[in-house]
Amino acid sequence: MKQFLKILFLLLFSIGFAQVSVKEFGAVGDGVTNDTKAIQKALNAGKPIKFEQGVYLVDELTVPYSFKGLSIEGSGYNHWHDNVGTVLKANKGAASILKFVDGCDWVKISNLRLEGGASCSIGINAEYGGSIMLDNIGIYNFTAFGLKSQQGLLRINNCFFGNNKVGLQLYSDSTITNTEISGGSVGLFIRAGGNRVNNIWINGTTENLIRLEPLNESVGLQNTAFSNIYIGEVKNNTNAEKYQFYIKGNGIKRVQQVQISNSFFVHATDTKGSNSFFYLENADEIIISNNNFLGEHVYSNRQKFTKNLVKSLNSNNIKINSNIIKGINENALVLGSKSYDWSILNNDFIDCAGQNNINSIIDIQTKDARTMVLNNRFIDYRQNMDVLALKTVNINSITFNQNYIYYPNSKIAVDENLNTINLNGNYR
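Reading guide: rules and limits
Residues numbered from 1 in each chain as written. Predicted model: local features only at pLDDT ≥ 70, side-chain atom pairs only at ≥ 80, totals over all residues. Heavy atoms only, no water. Helix = DSSP H or I, 4+ residues; strand = E, 2+ residues; numbered from the N terminus. Contact = heavy atoms within 4.5 Å. Lys, Arg positive; Asp, Glu negative; His and termini not counted. Charge placed at Lys NZ, Arg CZ, Asp CG, Glu CD. Disulfide = S-S within 2.5 Å. Buried < 20%, exposed > 50% of the residue type's maximum accessible area, 1.4 Å probe, protein only. Phe/Tyr/Trp six-rings, centres within 6.5 Å; stacked < 30°, edge-to-face > 60°. Lys NZ or Arg CZ within 6 Å of the ring centre and 35° of its normal.

*Asks:* Any details on the overall build of the protein? Residues and values, ideally.
*Replies:* The number of helices and strands found in the protein is 2 helices and 39 strands. Referenced to the eigenvectors of the C-alpha coordinate spread, the extents of the protein come out at roughly 90 × 50 × 35 Å. Considering only contacts within the protein whose residues lie at least 6 apart along the sequence, 63% involve residues at least 24 apart. Averaged over its 39 positive side-chain charges, the protein has a centre that lies 2 Å from the centre of its 35 negative ones.

*Asks:* Describe the state of the cysteines, with residues and values.
*Replies:* One pass over the full model with this rule turns up 0 disulfides. Of all cysteine sulfurs in the structure, the one in C159 sits closest to C104, which takes part in no disulfide; the separation is 18 Å.

*Asks:* Any details on the side chain of S149? Residues and values, ideally.
*Replies:* When you line up the elements, S149 lands in strand β12 (residues 145-149). By relative accessible area, S149 is classed as buried at 0%. Apart from the residues lying within four places of it in its own chain, the contact partners of S149 are A126, L154, Q169, L170 and Y171.

*Asks:* How would you summarise the environment of G54 if you had to cite specific residues and measurements?
*Replies:* By secondary structure assignment, the location of G54 is in strand β4 (residues 54-58). Placed 183 residues apart in sequence, G54 and N237 show a C-alpha to C-alpha distance of 38 Å.

*Asks:* Give a description of the packing of aromatic side chains that names residues and reports values.
*Replies:* Going through the model one piece at a time under the given rule, you end up with 16 aromatic pairs. Judged by centre distance (6.3 Å) and plane angle (55°), the rings of Y381 and Y406 are tilted. Here Y406 lies in strand β37 (residues 404-406) and Y381 lies in the loop between β34 (377-379) and β35 (388-392), a separation of 25 residues in the sequence. Looking at Y381, the relative accessible area reads 56%, which means it is exposed. What links up through ring pairs into an aromatic cluster is the set F226, F245, F265, F277, F278 and F293. The lysine or arginine in question, R113, covers the ring of Y140, its NZ or CZ lying 3.8 Å from the ring centre. Lying over the aromatic face of F189, R191 brings its terminal NZ or CZ to 4.3 Å of the ring centre.

All we've got here are geometric facts, nothing functional implied.
Have a look at this one:
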């Protein structure tokens, strides 16, 4: 009897949560009919929902509290076409396609495309609704955000974000893997800490590829890691300098404990303005290690070039370690005002500096920098006669030792007036 009741309970449980098709509620999926009411009924029914192939034209859909823990599944999508597989397409004037209510957590969305048509603001509005799982989702052509999260604990895998103004905004304790982000203004915008970003491709934005900036002065942004990332071009078509990786805290909440490792950064040749790889402001304990950086190198000109690897302001305890850094056309590292306690260790600086009369590979502008520059290689295969390793306002605040110097200039370091500083303990 007990076994019978157990089987009956499991049967009733499985029936209660069996997946239902949106077409059972009257959805058509012909790309012409407005399917909003039918799909909303399906969402309100409190069961996992399934979309067959088709283009479902919708206004804003609300994912209700009763849908927590359930799933939305399509029949696949195509990156190149907006009418193949399952497509949820925004009706003209729609604010978003999916909007989560507060408390609607642990929802999984898979195997479909969200299409904004360049007229809808947000693909998935998750200002409320945490722990959302996205798998094999394409989100395209939204005028504000492909995905906007302010709840955290997202799990994003095998997705594509294309030509959204902001590809996705992440909050706290989320992961992204095996995902590509391209186009728009900012690719990945992180507003709180505890995130992990692995195995992603990101390129083709106009402002920043990745931006870390606390949501406000009450939100911390720390303990975030990036690894195995391809960081491509910023399509800079202005005279203003753009940064691929932009990290900026505020006066109350600084960005802290960020690690970027085992990644490849490139400055593509088809941009019109100058780009830099990193900007740091109000940031502490940032580790940039074991990466490969390739700037414009010999493809640069006075209007189009890679300006810096890292430019900083008020940023402390930064570690630049074991990177290969090639073809940065001006200063590779600029330690600006109030930037203290850096460690620059075991890097190869290859063919850096020498353009626009900027000849020092490292420029330390903070008087009491307390910075170590150890065991690096400064190599210029171009045989540029003007390039030198270091410019600093106070050599007494720098430990510059055990570095290998391979360039024709006899100088290793100069002061702010370009007077030669004599240094020992390095190799030529």
